[in-house]
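The residues making up each chain are set out below.
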Amino acid sequence: QVQLVESGGGLVQPGGSLRLSCQASGFTLDYYAIGWFRQAPGKEREGVSCIRSSDDTTYYADSVKGRFTISRDNAKNTAYLEMNNLEPEDTAVYYCAAGIGAWGPNPIDYDYWGQGTQVTVSS
């Protein structure tokens with residue numbers, strides 16, 4: 001019953017933009033920190049962004065800082081990742097995660113995970 005479902009991935013050209021959505025069901029996101037992670041083939045899962053539940057403080061990995069923006073809409077039980085000026089190096093499966101008290105890029109801190117959505121950046 002507890003689910004996080006990502007959507008919004010696809011194929012874009014370098015310099016393009018995408019907005020990923022993460023819809024929660026079976027629980028409310030109000031009291032959970034939200035993290036966005038990505039994993040390219042043969043690579044470890046990388047934390048790219050997160051947002052606290054308490055004060056909406058945000059974190060961004062250096063590789064995406066200034067290009068990605070994380071946000072949440074508790075009324076819709078949904079989180080978002082706005083991705084701008086995309087680069088081929090951003091190609092990966094992107095995962096949404098939620099955790100009470102979670103913070104930072106460590107996947108072990110998160111309790112619930114979505115199935116992932118593919119983002120491919122290529123000419």
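What comes next is a walk through the structure. These figures come from a predicted structure and were not determined experimentally.

**Considerations on the environment of Ala 98**
- Secondary-structure assignment places Ala 98 in strand β9 (residues 92-99).
- Residue classification places Ala 98 among the buried residues on the basis of a relative accessible area of 0%.
- For the pair Ala 98 and Ala 33, spaced 65 residues apart in sequence, the C-alpha separation works out to 5.6 Å.
- Other than its neighbours up to four places away in sequence, Ala 98 contacts Leu 4, Phe 27, Leu 29, Tyr 32, Ala 33, Tyr 110, Asp 111 and Tyr 112.

**Quick notes on the sheet that holds strand β1 (residues 3-7)**
- With antiparallel pairing, 4 strands are arranged side by side in an open sheet as β1-β3-β8-β7. Lying at the two open borders of the sheet, with one neighbouring strand each, are β1 and β7 (68-73). Put simply, the sheet's adjacent strands are angled 15 degrees from each other on average, direction ignored.
- Here strand β3 (residues 18-25) runs beside strand β8 (residues 78-83); their pairing, made up of 6 bridges, is antiparallel. Across the sheet, the residue bridging to Ser 21 is Tyr 80, located in β8.

**Concerning the pattern of salt bridges**
- Evaluated as defined, the whole model comprises 6 salt bridges.
- Glu 46 is paired through a salt bridge with Arg 38; the nearest N and O atoms lie 3.0 Å apart.
- Given the relative accessible area of 7%, Arg 38 is considered buried.
- The closest approach of N and O atoms between Arg 52 and Asp 55, which form a salt bridge, is 3.5 Å.
- For Arg 52, a relative accessible area of 30% translates into the label partly exposed.
- On the basis of relative accessibility, which here comes to 43%, the residue Asp 55 falls in the partly exposed class.
- Members of the salt-bridge network, linked through shared partners, are Arg 38, Glu 46, Arg 67, Glu 87 and Asp 90.

**Description of the packing of aromatic side chains**
- Under the criterion given, the structure shown has 6 aromatic pairs.
- Both rings, one in Phe 37 and one in Tyr 110, keep their centres 5.1 Å apart while their planes meet at 80 degrees; by these two values the pair is edge-to-face. Of this pair, Phe 37 sits in strand β4 (residues 33-39) while Tyr 110 sits in the loop between β9 and β10 (112-113), placing them 73 residues apart in sequence. Like Tyr 110, Phe 37 is buried.
- Relative to Trp 113, the ring of Phe 37 has its centre 4.9 Å away and its plane inclined at 50 degrees; by these criteria the two rings are tilted. Here Phe 37 is found in strand β4, whereas its partner Trp 113 is found in strand β10, with 76 residues between them in sequence.

Reading the values: the criteria
Residues numbered from 1 in each chain as written. Predicted model: local features only at pLDDT ≥ 70, side-chain atom pairs only at ≥ 80, totals over all residues. Heavy atoms only, no water. Helix = DSSP H or I, 4+ residues; strand = E, 2+ residues; numbered from the N terminus. Buried < 20%, exposed > 50% of the residue type's maximum accessible area, 1.4 Å probe, protein only. Contact = heavy atoms within 4.5 Å. Pairing = 2+ DSSP bridges. Axes fitted to C-alpha atoms, helices over the stretch in contact; angles between N-to-C directions. Salt bridge = Lys/Arg side-chain N within 4 Å of Asp/Glu carboxyl O. Phe/Tyr/Trp six-rings, centres within 6.5 Å; stacked < 30°, edge-to-face > 60°.

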